[in-house]
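Below are the chains, spelled out letter by letter.
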Amino acid sequence: MRVTKHEHAALTLRDSGKTLIIDPGSFTDPILDAGDIIAVVVTHEHADHWTPEHLRRILSRAPMARIFAPQGVADAAADFEIRVVTPGERVEIGPFTLEFFGGLHEVIHSSLPVVQNVGVLVNDGFYYAGDSYDLPTGHPVKLLAAPAGAPWLKLGDAMDFILAIAPRLAFATHDMTLSTIGRRMARQRLTWATEQGGGEFLVLDPGMSIDI
C-alpha cells in the first residue's frame, strides 16, 4: 500500500490499483492524479478536512466512490450521500479495510463546540487520528500520520501521542498552519518521540509517498 501526503491533512492511499482519499480540505490543492478512487474518509466536519468543492471534484471523476464520515459530516454535507461510521466499526471496501476509533475532536477552546471525529486504521497498518489523540487500541501501527500544528495542538501532547503508539514509521501531517521554521521544529520533536519506540520518522512534503 502506498501512502501519499498532500497539503495539510489530506492523504491518498493506493493499493491494488484502487485509491482511498482522506480529508481533502480547504488548505489542500485539488487532488487530480489519484487513479481509480473508490472511497473518501472525512474524519470530521471542519473545513480544513473537507470542502464541497473537493467532494464534487472527486465524485465527478469517480461517481461510485463511497464517502465515510461521522454523523456531524453527514449533517454538514447534506447534499452528498454519506455512509455514517462510528467508533468501533470496521468496513471493507475494495482492497481497504477501515476501522474507526475515537469519537470526539480535541478541545480547541471552551467557547467552541466539540464536534464528532473519527480516527481511521487502514489495512491494520496505517493510522490517522484526524483531529484527536485517540489511540488504535489493540493494534500495532506500521505507519502513523502524526499531527504537527493546530489550534487544538500542544506539541508535547503530539509527542506523547507518538510515544503511546510507538509506530514503526511516522510522518507529520496537519501542518499548513505552521511556518517553515515551525514545521522544522515540530518535525524535530516528533522525530525524537518516534525514535524512543525504535521507529523511524520520515520527512514527507506534499506529493511524497511511502510504501508499507
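Residues numbered from 1 in each chain as written. Predicted model: local features only at pLDDT ≥ 70, side-chain atom pairs only at ≥ 80, totals over all residues. Heavy atoms only, no water.

Enquirer: Before we go on, may I ask you to explain the overall build of the protein chain in this structure?
Expert: From N to C terminus, the protein chain includes four helices and 14 strands. In terms of C-alpha radius of gyration, the protein chain reaches 16 Å, essentially the compact-globule figure of 17 Å for 212 residues. With respect to the three principal axes, the spread of C-alpha positions in the protein chain is 45 × 45 × 35 Å. In the protein chain, which comprises 212 residues, the proportion classed as buried is 54%. Expressed as a percentage of contacts within the protein chain between residues at least 6 apart in sequence, the contacts between residues at least 24 apart total 57%. Just so you have it, the protein chain exposes about 9200 Å², and 51% of that area is on carbon and sulfur atoms. Taking the average place of the 17 positive charges on the side chains of the protein chain and the average place of its 26 negative ones, the gap between the two points comes to 5 Å. (Helix = DSSP H or I, 4+ residues; strand = E, 2+ residues; numbered from the N terminus. Rg over C-alpha atoms; globule rule 2.2 N^0.38 Å. Buried < 20%, exposed > 50% of the residue type's maximum accessible area, 1.4 Å probe, protein only. Contact = heavy atoms within 4.5 Å. Areas by Shrake-Rupley, 256 points an atom, 1.4 Å probe, with all protein chains shown as cover. Lys, Arg positive; Asp, Glu negative; His and termini not counted. Charge placed at Lys NZ, Arg CZ, Asp CG, Glu CD.)

Enquirer: Sorry if this is basic, but what is going on with the packing of helix 3 (residues 155-165) against helix 4 (residues 180-196) here?
Expert: Direction vectors running N to C along helix 3 and helix 4 enclose 30°, while the axes themselves pass 8 Å from each other. In terms of axis orientation, helix 3 runs roughly parallel to helix 4. Crossing geometry of helix 3 relative to helix 4 is assigned as right-handed. Along the contact surface, helix 3 presents Leu 155, Ala 158, Met 159, Ile 162 and Leu 163, while helix 4 presents Met 185, Ala 186, Arg 189, Leu 190, Trp 192, Ala 193, Thr 194 and Gln 196. Residues that form the contact of helix 3 with helix 4 fall into these classes: ten nonpolar, two polar and one charged. (Axes fitted to C-alpha atoms, helices over the stretch in contact; angles between N-to-C directions. Parallel < 35°, antiparallel > 145°, perpendicular 65-115°, else oblique. Left-handed = near helix turned anticlockwise from the far one by under 90°. Nonpolar A, V, L, I, M, F, W, Y, C, P; charged D, E, K, R; others polar.)

Enquirer: Would you take a moment to explain the side chain of Asp 131 for this structure?
Expert: Mapped onto the elements of the fold, Asp 131 is located in the loop between strand 10 (126-128) and strand 11 (143-147). Comment: no salt bridge for buried Asp 131; closest opposite-charge side chain is Lys 5, at 12 Å. A polar contact is formed between the side chain of Asp 131 and the side chain of His 49, at a distance of 3.1 Å. At 2.9 Å, the side chain of Asp 131 and the side chain of His 105 are in polar contact. Setting aside anything within four residues of it in sequence, one finds Asp 131 in contact with His 44, His 46, His 49, Leu 104, His 105, Glu 106, Asn 117, Trp 152 and His 174. (Salt bridge = Lys/Arg side-chain N within 4 Å of Asp/Glu carboxyl O. Polar contact = N/O pair within 3.5 Å; in protein donor to acceptor, adjacent residues only side chain to side chain.)

Enquirer: Just checking my understanding: could you explain the sheet that holds strand 8 (residues 96-104) for this structure?
Expert: In a beta sheet, neighbouring strands are held together by backbone hydrogen bonds and run either parallel or antiparallel to one another. Spatially, 7-8-9-10-11-12-13 is the arrangement adopted by the seven strands of the open sheet, whose pairing is mixed. A strand with exactly one partner marks an edge of an open sheet, and here the two such strands are strand 7 (90-93) and strand 13 (200-202). Averaged over all adjacent pairs, the angle separating strand axes in this sheet is 25°, with direction ignored. Here strand 10 runs beside strand 11; their pairing, made up of three bridges, is parallel. Bridging across to strand 11, Tyr 127 finds its partner in Leu 144. Where helix 3 meets the sheet, it contacts strand 10 and strand 11, and its direction lies at approximately 165° from that of strand 11. (Pairing = 2+ DSSP bridges.)

Enquirer: So what exactly am I meant to see when it comes to the pairing of strand 11 here?
Expert: Along any regular strand the residues' side chains alternate between the sheet's two faces. In terms of residue burial, strand 11 counts as a mostly covered element, since five of its five residues are buried. Burial of strand 11 is two-sided: the residues Leu 143, Ala 145 and Pro 147 facing one way and the residues Leu 144 and Ala 146 facing the other way are all buried. Relative to strand 12 (residues 169-173), strand 11 runs parallel, the two being bridged by five bridges. Counterpart to Ala 146 in the pairing with strand 12 is Ala 172. Regarding topology, helix 3 serves as the crossover connection from strand 11 to the parallel strand 12, and that connection is right-handed. (Right-handed = clockwise from strand over helix to strand, strands pointing away.)

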